[in-house]
Amino acid sequence: MLLIQFIVSALLVVATFTIHFVGLVALSALMRRRGHHPATLTTMVGQGASILSIVLTLFLLHAIEICVYAAAFRVVGAVETVETALYFSTSTFTTVGFGDIVLTPDWRLMAAAESMNGFLLIGWSTAFLVSVTGNVRAFEATVRELTD
């Protein structure tokens, strides 16, 4: 059973990393194509709206990834209901891990993998957001130098 847990967990990690990568690439391309990168917008409202749309998109990516794990927990029979799967997956992905739902030893490795996976993906999103907002600050500094 350990080998099956490892294989399923590895497939889920690859799937969610792929979802995240494709999502970030698409988001970057969309920002460039539409000219909505916060660094190129000159008003605070425009920058704020752009950053808010980025944050909401990142949240959506994480929600999709959580749903992938929740579906997997249901498919393998680790939890009884969809609501329980979503709740458990969300608390595990975000590394909160309340502990009120405990899996049998048959699928605990998958939960541990989700926790590590979520930690990395949330960190990746944070780095992406910091990079975007850093570009905004650099753009503002350049504009300030040009106007002085």
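The coordinates are above.
Residues numbered from 1 in each chain as written. Predicted model: local features only at pLDDT ≥ 70, side-chain atom pairs only at ≥ 80, totals over all residues. Heavy atoms only, no water.

S.K.: Pulling in residues and values, what's your account of the packing of aromatic side chains?
M.R.: Under the counting rule described, the total for this entry stands at three aromatic pairs. Where Phe 17 meets Trp 124, the ring centres are 6.3 Å apart and the plane angle is 55°; that geometry is what we call tilted. Of this pair, Phe 17 sits in helix 1 (residues 2-34) while Trp 124 sits in helix 4 (residues 108-147), and the two are 107 residues apart along the sequence. Overall, Phe 17 belongs to the partly exposed group, its relative accessible area being 29%. Look at Phe 73 and Phe 88: their rings are 5.1 Å apart centre to centre, the planes differ by 85°, and that puts the pair in the edge-to-face class. Of this pair, Phe 73 sits in helix 2 (residues 44-75) while Phe 88 sits in helix 3 (residues 82-93), and the two are 15 residues apart along the sequence. Classification of Phe 73 as buried rests on a relative accessible area of 0%. (Phe/Tyr/Trp six-rings, centres within 6.5 Å; stacked < 30°, edge-to-face > 60°. Helix = DSSP H or I, 4+ residues; strand = E, 2+ residues; numbered from the N terminus. Buried < 20%, exposed > 50% of the residue type's maximum accessible area, 1.4 Å probe, protein only.)

S.K.: Describe the environment of Pro 105, listing the residues and the values that go with them.
M.R.: For Pro 105, the position within the fold is in the loop between helix 3 and helix 4. Overall, the relative accessible area of 53% leaves Pro 105 in the exposed class. Along the backbone, Pro 105 and Met 1 are 104 residues apart, and their C-alpha atoms lie at a distance of 9.4 Å.

S.K.: Outline the environment of Ala 85, supporting the account with residue identities and numerical values.
M.R.: Within the secondary structure, Ala 85 is located in helix 3. Counting along the chain gives twelve residues from Ala 85 to Phe 73, while the straight-line C-alpha distance between them is 6.2 Å.

S.K.: Residue-level account of the nonpolar core, with values.
M.R.: Counting 13 residues, the largest nonpolar core has Phe 73, Leu 103 and Met 110 as its most contacted members. Elements supplying a minimum of two residues to this core: helix 2, helix 3 and helix 4. Not counting chain neighbours up to four residues away, the residues in contact with Leu 103 comprise Phe 73, Ala 78, Val 79, Phe 88, Arg 108 and Ala 111. Counting residues in hydrophobic clusters, the runner-up holds eight residues, among them Leu 24, Leu 27, Leu 61 and Val 132. (Core = buried A, V, L, I, M, F, W, Y, C linked by side-chain atoms within 4.5 Å. Contact = heavy atoms within 4.5 Å.)

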